[in-house]
Amino acid sequence: MKKKKLRVLSIIAGVITLLTISLFVWRGINRRVYATFYSFVDEVCKVPAHLDFVPQGITVMDGEEFLISGYTPMGLKASSVYYIHTQDGEHTDETHRCYLLNADGSKNKVHCGGIAVYDEYVIVSGSGCLWVYMLEDILKKEEAVLVCCLDVPGFASTISISGEDIFTADWCTGPIHRYGLFYKNDDGYYYNSKIYRFALDEALDHIEKAETGAQAAGAQADKQNKAAYVLDPTYGFLVRDGVQGVTSMDGYLLTVSSIFVSPSRIDIYKLPDEETFENNALIEQDITDGSLPLVILDEDDRVMKFYCPMMMESATHYNGKIYTFSESGAPLYLGSGRLLGYEFIYRFDLRERTESEK
């Protein structure tokens, strides 16, 4: 009997040892597969990992403060935003979670995509809308009530504010159409992601009135009267990949594409100048009452691409650096990303990368 127990324990110990060795070998293989990516990124800090949180979007408030948006699997809780304060790469006690509510106080269970700070507001994208909350509420309260909702065409899966002057816009944002085939060129290539630029300044008056209670605005018509401001795009780009995240900086457009467990990819495109844009724009008629110019970004426009860990999500930039992360570290995916070392916010210098290609 004693020998039998020892045999069982030996087998269990052997299996655990084998799994541990396999994990280290697999992590090493992944580091080699994504060697180029790991050669120039910094691991800033870990993304929050909780059973009821799947991270989707990121914005940077300064080099040590971040907002991470996410949803709850199966809608068991309201979607939420983490305020992350770091010091030497570790979360401080100031890090906390804020749950998102609708204007009527009910849980907002929207599939949170990207997140951005605009003036004194936080804007979260998802389900064809941009959801506006007070920044002060997100930073200091356990729950934030919806200020208003901005309707945008189609599936707004991510958002990023550029802070640049792009064709007379003092900033731009990028809700993405990620599903379906939208355009086929003469060479037979399909372009299945549309990246739209919107001018949030046009909606600022609506946001401020909603904040003071001068008008009701929200989404989910079954729970409240829908009086959302419709925000139309002013121009856009077509790319061939399933884009999850987008940001623009220094005349470049950076996209993050990923499909579940396959390797993700980051593409950096050189944006056309205004004259080139006007000369090469297609015209789309079905988005707004007027026409919407769209320009294809293809191999000729791409400065560089590189592969990175699976399930990379949104991208944003701050002080010349790009920030992104993988959602695969979420417990929803059995911690697969954490086992492989994908649990970090990654940062790299875009200017260094683009200069290295010249």
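Above this text sits the structure in question.
This report concerns the structure included in the present document. For clarity, every value in this text was computed on a predicted model and none was experimentally measured. (Residues numbered from 1 in each chain as written. Predicted model: local features only at pLDDT ≥ 70, side-chain atom pairs only at ≥ 80, totals over all residues. Heavy atoms only, no water.)

**Remarks on the sheet that holds strand E25 (residues 321-326)**
Spelled out, the test is: Two strands are counted as paired when DSSP detects at least two bridges linking them. Per the convention used, a helix needs a DSSP run of H or I reaching at least four residues, while a strand needs a run of E reaching at least two, with both numbered from the N terminus. Each axis is a line fitted through C-alpha atoms, taken for helices only over the stretch in contact, and angles between the N-to-C directions span 0 to 180 degrees.
Taken together, the four strands give an open sheet; going across it, the order is E1-E26-E25-E24, and neighbouring strands pair in antiparallel fashion. Of all the strands in the sheet, the pair left with one neighbour each is strand E1 (42-46) and strand E24 (312-318). Averaged over all neighbouring strand pairs, the angle between strand axes comes to 25 degrees, with direction disregarded. Bridging between E1 and strand E26 (residues 344-349) involves three bridges; their strand directions are antiparallel. When the sheet's bridge partners are listed, Asp42 is paired in E26 with Arg347.

**Overview of the nonpolar core**
Inclusion rule: In these notes, a set of buried Ala, Val, Leu, Ile, Met, Phe, Trp, Tyr and Cys residues joined through side-chain atoms within 4.5 Å is what counts as a nonpolar core. Whether a residue is buried, partly exposed or exposed follows from its accessible area with a 1.4 Å probe, protein chains only, as a fraction of its type maximum: under 20%, in between, or over 50%, in that order. Residue contacts follow a heavy-atom distance rule, with two residues in contact if any of their heavy atoms lie within 4.5 Å.
Phe37, Leu254, Ile266, Phe306, Tyr346, Phe348 and Leu350 are the most contacted members of the largest nonpolar core, which totals 29 residues. Counting only elements with at least two residues in this core, the list comes to helix H2 (35-40), strand E19 (252-257), strand E20 (264-270), strand E23 (302-308), E24 and E26. Once residues within four sequence positions are removed from consideration, Phe37 is found in contact with Ile266, Phe306, Tyr307, Cys308, Pro309, Met312 and Tyr346. Counting 20 residues, the second-largest nonpolar core is a separate cluster that includes Val147, Phe198, Leu238 and Leu294.

**Considerations on the packing of aromatic side chains**
Where we set the bar: Pairing of aromatic side chains here covers Phe, Tyr and the six-membered ring of Trp, requires ring centres within 6.5 Å, and sorts the geometry by plane angle: under 30 degrees stacked, over 60 edge-to-face, intermediate tilted. Whether a charge sits over a ring depends on NZ of Lys or CZ of Arg being within 6 Å of the ring centre and within 35 degrees of the ring normal.
The final tally for this structure, using the stated rule, is twelve aromatic pairs. Seen in terms of ring centroids, Phe37 and Tyr38 are 5.5 Å apart; in terms of plane orientation they differ by 75 degrees. Their pairing is edge-to-face. In this structure, Phe37 and Tyr38 share a single accessibility class: buried. Taken together, the aromatic side chains of Phe37, Tyr38, Phe40, Phe306, Tyr346 and Phe348 make up a single cluster linked through ring pairs. If you follow Lys270 out to its NZ or CZ, it ends over the ring of Tyr252, 4.6 Å from the centre.

**Focus: the pattern of salt bridges**
We apply this condition: By convention in these notes, a salt bridge is any Lys or Arg side-chain nitrogen within 4 Å of a carboxyl oxygen on Asp or Glu.
Within this structure, the stated rule accounts for eleven salt bridges. With a closest N to O distance of 3.7 Å, Arg347 and Asp42 form a salt bridge. Linking Arg347 in strand E26 with Asp42 in strand E1, this pair joins segments that are 305 residues apart in sequence. Among the salt bridges present, the one from Arg97 reaches Asp52, with a minimum N-O distance of 3.0 Å. Note that Arg97 is positioned in strand E6 (residues 96-101) and Asp52 in the loop between E1 and strand E2 (54-62), a separation of 45 residues in sequence. Each of Arg265, Asp267, Glu299 and Arg302 takes part in one network of salt bridges that share partners.

**As for the sheet that holds E19**
Remark on secondary structure: sheet strands pair via backbone hydrogen bonds, oriented parallel or antiparallel. In space, the four strands of this open sheet follow the order E18-E19-E20-E23, with antiparallel pairing throughout. The sheet is open, and its two borders are formed by strand E18 (243-249) and E23, each paired with just one other strand. Across this sheet, the average inter-strand angle for adjacent strands is 15 degrees, counted without regard to direction.

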